[in-house]
Amino acid sequence: MAVTKAPPRTRDTGEDPRPAPDPEARRLNSPLLLTLLMLLVVLCQGPIRGALGAPVMQSWMTVFVAVLVQALPFLVLGVLLSAAIAVFVPPSFFARALPKNPTLAVPVAGMAGVVLPGCECASVPVAGALVRRGVTPAAALAFLLSAPAINPIVLTATAVAFPRNPEMVVARLVASLLVACAMGWLWLRLGRTDLLKSPARHAYEGQGKGAAFWGSVRHDVMHAGGFLVVGAMAAATLKAVVPQTWLRTAAENPVIAVLALAALAVVLSICSEADAFVAASLTQFSLTARLTFLVVGPMIDLKLFAMQTGTFGRAFALRFAPATLALAIVVSVLTGLVML
Amino acid sequence: MNRQAQSAVLFVLGAALLHAGLTDLYLRYVKAGLRPLVLAAGVVLIATALATAWYEWRARAKEQEHAHREPRVSWLLVLPLFALILVAPPALGSYSAMRTGTALQQSYGYAKLPQSGPLRLGLADYAGRAVYEHGRGLEGRQIVITGFVALDHSGAPYLVRMALNCCAADAQPVKVGLTGQIPPVLKPDGWLQVTGTYTAKRTKDTVNGGPIPYLEITQAKPVPTPRDPYDETWNN
């Protein structure tokens, strides 16, 4: 999401005797809070270790740390590339590269996701920027949905996570592209511009390129990293606490299996660069159900819904998210039936 | 969280990744092949932290005041720091192993065994040969395998190795039952090197019904945890 500058204060006019109180001063100073938190944890090391000594907690923490250590390098890679594109590629380039006819622009923008790597957290602001630069919203939405699912980093991660099922990579690419294009065309038919909130001004204007680049990296790592922690906690809980029999029961019925993993993808909100590894560990489930997990996850989950609401407005997100979810499930099942 | 705090979190997170990658700590969580990526991510995070601090300092020097509204969710990044630096949880052990069904899979082929001397086999290699090759070439040979101890509900001992595809989230156990001269006291999660002979005895895993072969052991000696606690042969 864009970090916008505060409007310059007018202190020298003398009209207002009381300047507005600085919001930073009223809140607890965060470096201080961070230091206190660190000290507290170091002081209470003994009791904390004792509480974490139970096998459940140890196993939970191992999986939690493992998901993060494994996902962070991919997140950092994606964030670096997306910052480079956001800063060094002029936005007008995208407008020039796309066909004028909106119906044609949708699949082209969807395919463009292949060469514009980034995790889903990065693609929301990029799609917002595309809309601001005059790209037809349908094409921007197709890009928004396809980019996090089909870029090289994600496809490589999928291939690494499914060494025995290379067809999974192709199925993911095909299903994700189909959903992205279908949603784009659906917007062309049914979408109304008044549903779209005009997105906030781009953050990186008026800064040096270096500052903009590192600012984008910092913001994306902190933001996406925080959500990654949420996903890792959920994944660890699923692995260490939820009895295997639940998952096995859900996995036994093919219909429930697909719906269960679609719901899981929405709730877990894992970064698309890491979700393949979680899917690979859900060995009880059919490949089709796991494909649904991989197609739904990058397109719609709790954190994406929050980000879309912030960037495009609530009216848009409330209509767009359920439609995407339903379409993603249907297309995944069909693709799974044909290819897996 | 303001930019100074973000810079601090990024720096410590990068340092923690570097520390994990430069020691063998990372092998508890991810496969060995991810090491260069883990190290590179650590370097980038530290660079980001330094750049953030530098631009923030310059902005302050120029007295440009920003109203930074940063997402609260960033505070969660503090959790893995504590987990990785203060606790450094151990590799997955008997608790996970007994909750998960054995993941023994048929291999495409098995390498030729040496003609003489004790056979030092990987635990999953032995289990695969015992179950799918019915112990061909193993009869009458002394077999040495290494793994950690896990006890089921009835207290029956198994020797287990967790097999890994990518990270500990996808780790799955391969189990071998122990019979014969079992040591009187077995501590779960303790690593053992056992010497024994092939037996046709089998059982089914209570979790997923997978096959578990047995080893008739003659000798068991405690060994330290290996450098890489996971079996990564599945990675190819």
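The residue numbering used here restarts from 1 in each chain and proceeds along that chain's sequence as written. Here the convention is simple: chains get letters from A, ligands get numbers from 1, in the order in which they are written. Local features are withheld for residues below a pLDDT of 70 in this predicted model, meaning they are given only at 70 or higher, and side-chain atom pairs are given and counted only at 80 or more; totals for whole chains, interfaces and linings count all residues.

Chain B is annotated in an unreviewed UniProt entry as DUF1980 domain-containing protein from Streptomyces canus.

As annotated in an unreviewed UniProt entry, chain A carries the name Permease and is attributed to Streptomyces canus.

Trainee: Please explain the overall build of chain A as it appears in this structure.
Mentor: In this text, helices come from DSSP runs of H or I with a minimum length of four residues, and strands from runs of E with a minimum of two, each type numbered from the N-terminal end. A tally of regular secondary structure across chain A gives 17 helices and 0 strands. Buried residues are those with 20 or more other C-beta atoms within 10 Å of their own C-beta, exposed residues have 12 or fewer, and partly exposed residues lie in between; C-beta atoms are placed from the backbone. A buried classification covers 51% of the 340 residues belonging to chain A. If you take every contact in chain A between residues at least 6 apart in sequence, the share linking residues at least 24 apart comes to 85%. With C-beta atoms placed from the backbone, a contact is any residue pair whose C-beta atoms sit within 7 Å.

Trainee: Explain the pairing of strand β5 (residues 191-204) of chain B to me, please; I cannot follow it from the model alone.
Mentor: On a regular strand, one side chain projects to one face of the sheet and the next to the other, so that they alternate. Residues and elements named next belong to chain B. Here strand β2 (residues 143-151) runs beside β5; their pairing, made up of 6 bridges, is antiparallel. If you follow Gly147 over to β5, its bridge partner there is Leu192. The criterion for strand pairing is that DSSP finds at least two bridges linking the strands in question. Where β5 meets strand β6 (residues 211-222), 11 bridges bridge the pair, whose relative direction is antiparallel. Bridging across to β6, Thr195 finds its partner in Gln219.

Trainee: When you look at the domain arrangement of chain B in this model, what are you seeing that I'm missing?
Mentor: Interfaces are frequently sized by the accessible area removed from exposure as the parts join. Residues and elements named next belong to chain B. All domain edges in this entry derive from an automatic or database-based domain assignment. By the assigned domains, chain B splits into domain 1 (3-87) and domain 2 (94-235). A C-alpha centroid distance of 39 Å is found between domain 1 and domain 2. At the junction of the two partners, domain 1 supplies 8 residues and domain 2 supplies 9 residues. Just so you know the grouping, Ala, Val, Leu, Ile, Met, Phe, Trp, Tyr, Cys and Pro go in nonpolar, Asp, Glu, Lys and Arg go in charged, and all remaining residues, Gly too, go in polar. Looking at the side of domain 1 that touches domain 2, its residues break down into 4 nonpolar, 1 polar and 3 charged.

Trainee: Sorry, what's going on with the interface of chain B and chain A here?
Mentor: Facing 57 residues of chain B, the contacting portion of chain A comprises 53 residues. Contributions of two or more residues to the side of chain B that touches chain A are made by α1 (3-22), α2 (35-61), α3 (78-87) and α4 (94-99) of chain B. Looking at the side of chain B that touches chain A residue by residue, the class counts come to 41 nonpolar, 11 polar and 5 charged.

Trainee: What is the right way to look at unusual backbone geometry in this model?
Mentor: Trans peptide bonds make up most of the peptide bonds, and negative phi angles are found at most residues other than glycine. Residue and element names in this part refer to chain B. Positive phi, close to 45 degrees, is recorded for Ala88, a residue that is not glycine. Topologically, Ala88 is positioned in the loop between α3 and α4. Among the residues examined, Ala88 registers 17 C-beta atoms within 10 Å and is labelled partly exposed.

Trainee: Sorry if this is basic, but what is going on with the UniProt feature "transmembrane region" (unreviewed entry) in chain B here?
Mentor: Residue and element names in this part refer to chain B. The positions that UniProt labels "transmembrane region" (unreviewed entry) are, in the present scheme, residues 33-55 and 75-98. Secondary structure across residues 33-55 divides into 91% helix and 0% strand, with the first and last C-alpha atoms of the span separated by 35 Å. Within residues 75-98, the helical portion is 62% and the strand portion 0%, while the C-alpha atoms at the span's ends are 34 Å from each other. UniProt positions are given in the numbering used here, feature names are shortened, and annotations may be inferred rather than shown by experiment.

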